[in-house]
Protein chains: 2
Amino acid sequence: MSLHLDAEALYTELLAGVRALIVPDVVLVGVWSGGAWLAERLQRDLGLATPHGVISSTLHRDDFSSRGLGSTTDATNLPFSVDGRPIVLIDDVLYTGRTIRAVINELFDFGRPASVQLAVLVDRGGRQLPIQPAYAAARLALPATQQLALDRDDAGQFRFTVQDIQDTKEAR
Amino acid sequence: MSLHLDAEALYTELLAGVRALIVPDVVLVGVWSGGAWLAERLQRDLGLATPHGVISSTLHRDDFSSRGLGSTTDATNLPFSVDGRPIVLIDDVLYTGRTIRAVINELFDFGRPASVQLAVLVDRGGRQLPIQPAYAAARLALPATQQLALDRDDAGQFRFTVQDIQDTKEAR
């Protein structure tokens, strides 16, 4: 891996970026799994009263028929009312936008938010849908054969992993 | 109306902007009704072989329960396969992004496009979802009490209408 991405340094940037998006009554919702870890720590570091939510894209993915139900099906957990709420959606890596479309649909299954803004650690380009983050701590380009994901070690520190994938249809 | 928006001049800009988004096998899909008029003329002016599609947001709107079925329910007409297709979605006015979320869901009911890009005549800001156009011929701010829409006269010329609305929940 020639690419060096310091996930902890980028988290510090993300914290500042998300702080600027905070409005009264806002809640953070992290996309399972990397975004959920980020939302958990952001909620704590920002001292937000309402606990963060977690959302899974599984049930709304456009490749659901070929992927089927995975172990993340019941990862969605929104411990607040979504209706009329300003929501900041958090994800680790933004790529095609298909995951974000899916999780927004999942969110709307729970109610009608006042607004949904998106903040991500890394925007790797390659968008296939007209989705853009309000904040991205880094923007970079990666070959389609590389999958970038956030990992968390036993001490709770973030790091990125890059995997070579055969089937680029797995792109999210 | 103090605002002067020359819809025909903006259409010329849009034509150039959409031309830059054309890739092999692309199709234009216009959001009913203003976007559909634009897509019809763009398809002709760009000399695209495949006829344009028309899409209605009615069935997927997040305020469907309060609006119910209108006269536009069956406006959707996609005379081509959506699967694996690069799609350029055309709309007259981009505002909250809720209409675009709805029409993308409607599109995905018909198949899984390779990509969806958005081009609009006017981006009036006020986004409530993380949706951004690849191209906007104009960007401007309007009070929430004003509704901006494209109209077409008997000669097929475009013009904008601005209406004062009471209930700003009508915002699209």
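In what follows, the structure referred to is the one given above.
Criteria and cut-off values
- Residues numbered from 1 in each chain as written.
- Chains lettered and ligands numbered in written order.
- Predicted model: local features only at pLDDT ≥ 70, side-chain atom pairs only at ≥ 80, totals over all residues.
- Core = buried A, V, L, I, M, F, W, Y, C linked by C-beta atoms within 7 Å.
- Buried ≥ 20, exposed ≤ 12 C-beta atoms within 10 Å, placed from the backbone.
- Contact = placed C-beta atoms within 7 Å.
- Pairing = 2+ DSSP bridges.
- Helix = DSSP H or I, 4+ residues; strand = E, 2+ residues; numbered from the N terminus.
- Axes fitted to C-alpha atoms, helices over the stretch in contact; angles between N-to-C directions.
- Expected span 1.5 Å × (residues − 1).
- Arc of directions from axis to C-beta.
- Least-squares fit on C-alpha atoms with pLDDT ≥ 70 in both.
- Nonpolar A, V, L, I, M, F, W, Y, C, P; charged D, E, K, R; others polar.
- Right-handed = clockwise from strand over helix to strand, strands pointing away.

S.K.: Could you give me a rundown of the nonpolar core, with the residues and numbers involved?
M.R.: The biggest cluster of nonpolar side chains holds 88 residues, and the ones touching the most others in it are Val-29 and Ile-90 of chain A together with Val-29 and Ile-90 of chain B. In this structure, Ile-90 of chain A is in contact with Leu-28, Val-29, Gly-30, Val-31, Gly-35, Leu-38, Ala-39, Leu-42 and Ala-119 of chain A, ignoring residues within four places of it in sequence.

S.K.: Tell me what's going on with the sheet that holds strand S4 (residues 115–123) of chain A, and back it up with residues and numbers.
M.R.: Residues and elements named next belong to chain A. Taken in spatial order, the five strands of this open sheet run S2-S1-S3-S4-S5, and their pairing is parallel. This sheet does not close on itself; its edge strands, each paired only once, are strand S2 (53–55) and strand S5 (135–139). On average, each strand axis in the sheet is tilted by 25° relative to the strand beside it, whichever way the strands run. Taken together, the four bridges between strand S1 (residues 27–31) and strand S3 (residues 86–94) define a ladder with parallel strand orientation. Looking at the pairing, Leu-28 lines up with Val-88 of S3. Here helix H2 (residues 34–45) sits on the sheet in contact with S1, S2, S3 and S4, set at roughly 155° to S1. Sitting on the sheet, helix H4 (residues 98–110) is in contact with S1, S2, S3 and S4, with an inclination near 150° to S3.

S.K.: Go over helix H1 (residues 7–19) of chain A, please, and point to the residues and values.
M.R.: All names here are of chain A. Spanning 13 residues, H1 covers 18 Å between terminal C-alpha atoms, matching the ideal 18 Å at 1.5 Å per step. Taken as a whole, H1 has its buried residues at Ala-7, Leu-10, Leu-14, Gly-17 and Val-18. Down the axis, H1 shows its buried residues gathered within 90° of arc, on one side only. H1 presents Glu-8, Ala-9, Thr-12, Ala-16 and Arg-19 as exposed residues on the side facing more than 90 degrees away from its buried surface. Elements in contact with the buried residues of H1: H2, S3, S4, S5, strand S6 (146–152) and strand S7 (158–164).

S.K.: I'd love a proper account of the relation of the copies chain B and chain A, names of residues and values included.
M.R.: Two chain copies, one operation linking them: a rotation about an axis together with a shift along it. For the pair chain B and chain A, the relating rotation is 180°, the translation along its axis is 0.0 Å, and the fit reaches an RMSD of 0.0 Å. Within this description, the copies of the chain are treated as partners about a two-fold rotation axis. Considering only C-alpha atoms, the residue of chain B closest to the rotation axis is Ile-131 of chain B, which sits at 2.3 Å. When the interface residues of chain B are mapped onto chain A, 100% of them again fall at the interface, so both copies present the same face.

S.K.: Describe in detail the environment of Trp-32 of chain A, supporting the description with residues and values.
M.R.: Residues and elements named next belong to chain A. With respect to the helices, strands and loops of the structure, Trp-32 is situated in the loop between S1 and H2. For Trp-32, a count of 20 C-beta atoms within 10 Å puts it in the buried group. Along the primary structure Trp-32 and His-60 are separated by 28 residues, whereas in three dimensions their C-alpha atoms are 13 Å apart.

S.K.: Tell me about the interface of chain B and chain A, and name the residues and values.
M.R.: If you look at the interface, chain B gives 19 residues, while chain A gives 19 residues. Tallying contributions element by element places helix H4 (residues 98–110) of chain B first for the side of chain B that touches chain A, with five residues. Split into classes, the residues belonging to the side of chain B that touches chain A amount to 11 nonpolar, five polar and three charged.

S.K.: Describe the sheet that holds strand S5 (residues 135–139) of chain B, naming the residues involved and giving the relevant values.
M.R.: Residues and elements named next belong to chain B. Taken in spatial order, the five strands of this open sheet run S2-S1-S3-S4-S5, and their pairing is parallel. Edge positions in the sheet fall to strand S2 (53–55) and S5, since each of these pairs with one other strand and no more. Going across the sheet, the axis of each strand differs from the next one's by a mean of 25°, ignoring polarity. Contacting strand S1 (27–31), S2, strand S3 (86–94) and strand S4 (115–123), helix H2 (residues 34–45) crosses the sheet at an angle of about 155° to S1. Taken strand by strand, H4 contacts S1, S2, S3 and S4, and its axis lies near 150° from that of S3.

S.K.: Before we move on, could you go through H2 of chain B and cite the residues and values that matter?
M.R.: All names here are of chain B. Taking 1.5 Å of rise per residue, 12 residues should cover 16 Å, and H2 covers 17 Å from first to last C-alpha, within 8% of that figure. Lining the buried residues of H2 we find helix H1 (7–19), S1, S2, S3, S4 and strand S6 (146–152). Once H2 finishes, Gly-47 follows within two positions and takes phi at roughly 65°, a positive value.

S.K.: Help me get a handle on the pairing of S1 of chain A, residues and values and all.
M.R.: All names here are of chain A. Among the five residues in S1, five count as buried, and that is most of the element. Across three bridges, S1 lies against S2 in parallel orientation. The residue of S2 that forms the bridge with Val-29 is Gly-53. With H2 bridging S1 and its parallel neighbour S2, the resulting β-α-β unit is right-handed.

S.K.: So what's going on with the environment of Leu-118 of chain B? Which residues, and what values?
M.R.: Considering the arrangement of structural elements, one finds Leu-118 of chain B in strand S4. With 27 C-beta atoms packed within 10 Å, Leu-118 of chain B lands in the buried category. Distance from Leu-118 of chain B to Tyr-135 of chain B, taken between C-alpha atoms, is 6.8 Å for residues 17 residues apart in sequence. Not counting chain neighbours up to four residues away, the residues in contact with Leu-118 of chain B comprise Pro-130 of chain A together with Leu-89, Ile-100, Pro-133 and Ala-134 of chain B.

Any functional reading would require information that these geometric values do not contain.
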